[in-house]
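Chain and residue survey
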Amino acid sequence: MIDSHTFPTGYLILKQRKWQCFITEPTMEEEKVKKACKPHCIVVSFPAQGHVNPMLEFSKRLQHKGVKVSLVITRFFAKTITHIPSSGSTSIALETISNGYDEGGVDAIVNGKVYQETLRRVGSQTLSDLIQKLNASAFPVDCIVYNSFMPWCLPVAKKFGLHSAVFFTQSCAVDIIYYHVSRGLIKLPLSENETLLAPGLPPLQPQDLPSMDINLLLTALEFYWLDEY
C-alpha cells in the first residue's frame, strides 16, 4: 500500500540528511542549518477521534526520532478540541484543511458517498494549499503520512514530489476483511452458520466481524482508489 515514493526510503534519506547536520558539535550558525535540515512530515488524519488518536501517537514517535511533525485535521474537528498544548510543551504543530463541512461537521452529512467525494475534492485542494504555505516557510514538507480513508492524499503527494505512506488506523485483521470484501472474495451477508476463511486469519464466525455498516466503511476505504492512483 506504499507508492513508488516510499516512506521507508524517504525516511532513510531524511535520516541521512539529519546525520549530515549533526555530524559535528554545531555552532550558532550551524544551529540554524540544523533547524533548516530537520525533516518535516505532515500526518493527515481522517476527522474522527478513533483515527486522530492513533495518528497522534504515531506523530509523537516520529517526533522522538528527530522529525518535525505537523498533524493535519479538518477545520471543524479542530473547533471541537477544548485544549491545545502550548507550543513550548510540544513540537507537533496542528494544521487544518477543509472537508467541505467546516460549519456543520458530521451533523451536516446526509450521504456517505457524497461526503467522501466532497472530502476528496475540497480536501485535495486545501491540502495542496497547506503544502504550498509550508513550503514557503522555514520547514518545507518532505513527506506525507495519510490515513487509509483518504487515498486522494497520494496524488497530492506525487504532485509535489513528496515521499508518502498510507497509515491504517485499524488492526491488520480488520483491514484483511475489508480488502477481501471489497474484492468480492468474501460475499456478504454471511449466513448464520457460515465460517469465514481469509489468508492470515483463523476461521471466523459472523459475530467475529466488524459490527459497523460494511458498505459505509468500504465507501470510505475505497481500495479501488488505490488502484486508480
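Above this text is the structure in question.
Residues numbered from 1 in each chain as written. Predicted model: local features only at pLDDT ≥ 70, side-chain atom pairs only at ≥ 80, totals over all residues. Heavy atoms only, no water.

**Observations concerning the packing of aromatic side chains**
In this structure the tally under the stated criterion is 4 aromatic pairs. A ring pair is formed by Phe46 and Tyr115, whose centres lie 6.5 Å apart and whose planes are at 90 degrees; its orientation type is edge-to-face. Placement of the pair is Phe46 in the loop between strand S1 (40-44) and helix H3 (49-64) and Tyr115 in helix H5 (residues 112-135), with a sequence separation of 69 residues. Here Phe46 matches Tyr115 in class, with each residue buried. Both rings, one in Tyr101 and one in Tyr115, keep their centres 5.4 Å apart while their planes meet at 50 degrees; by these two values the pair is tilted. Taken as a pair, Tyr101 in the loop between strand S3 (93-97) and H5 and Tyr115 in helix H5 lie far apart in primary sequence, 14 residues in all. Comparing Tyr101 with Tyr115 shows no difference in burial state: the two are buried. (Phe/Tyr/Trp six-rings, centres within 6.5 Å; stacked < 30°, edge-to-face > 60°. Helix = DSSP H or I, 4+ residues; strand = E, 2+ residues; numbered from the N terminus. Buried < 20%, exposed > 50% of the residue type's maximum accessible area, 1.4 Å probe, protein only.)

**Some remarks on the pattern of salt bridges**
Counted under the stated rule, the structure contains 5 salt bridges. We note a salt bridge from Lys79 to Glu103, for which the minimum N-O separation is 3.5 Å. With Lys79 in helix H4 (residues 75-79) and Glu103 in the loop between S3 and H5, this residue pair connects regions lying 24 residues apart in the sequence. Just as Lys79 is exposed, Glu103 falls in that class too. Salt-bridge contacts for Lys133 lead to Glu95; the nearest nitrogen and oxygen are separated by 3.1 Å. Placement of Lys133 in helix H5 and of Glu95 in strand S3 is noted, with a sequence separation of 38 residues between them. Classification of Glu95 by relative accessible area gives buried; the value is 14%. (Salt bridge = Lys/Arg side-chain N within 4 Å of Asp/Glu carboxyl O.)

**Observations concerning the side chain of Ser98**
With respect to the helices, strands and loops of the structure, Ser98 is situated in the loop between S3 and H5. Among the residues examined, Ser98 registers a relative accessible area of 4% and is labelled buried. At 3.0 Å, the side chain of Ser98 forms a polar contact with the backbone nitrogen of Gly100. (Polar contact = N/O pair within 3.5 Å; in protein donor to acceptor, adjacent residues only side chain to side chain.)

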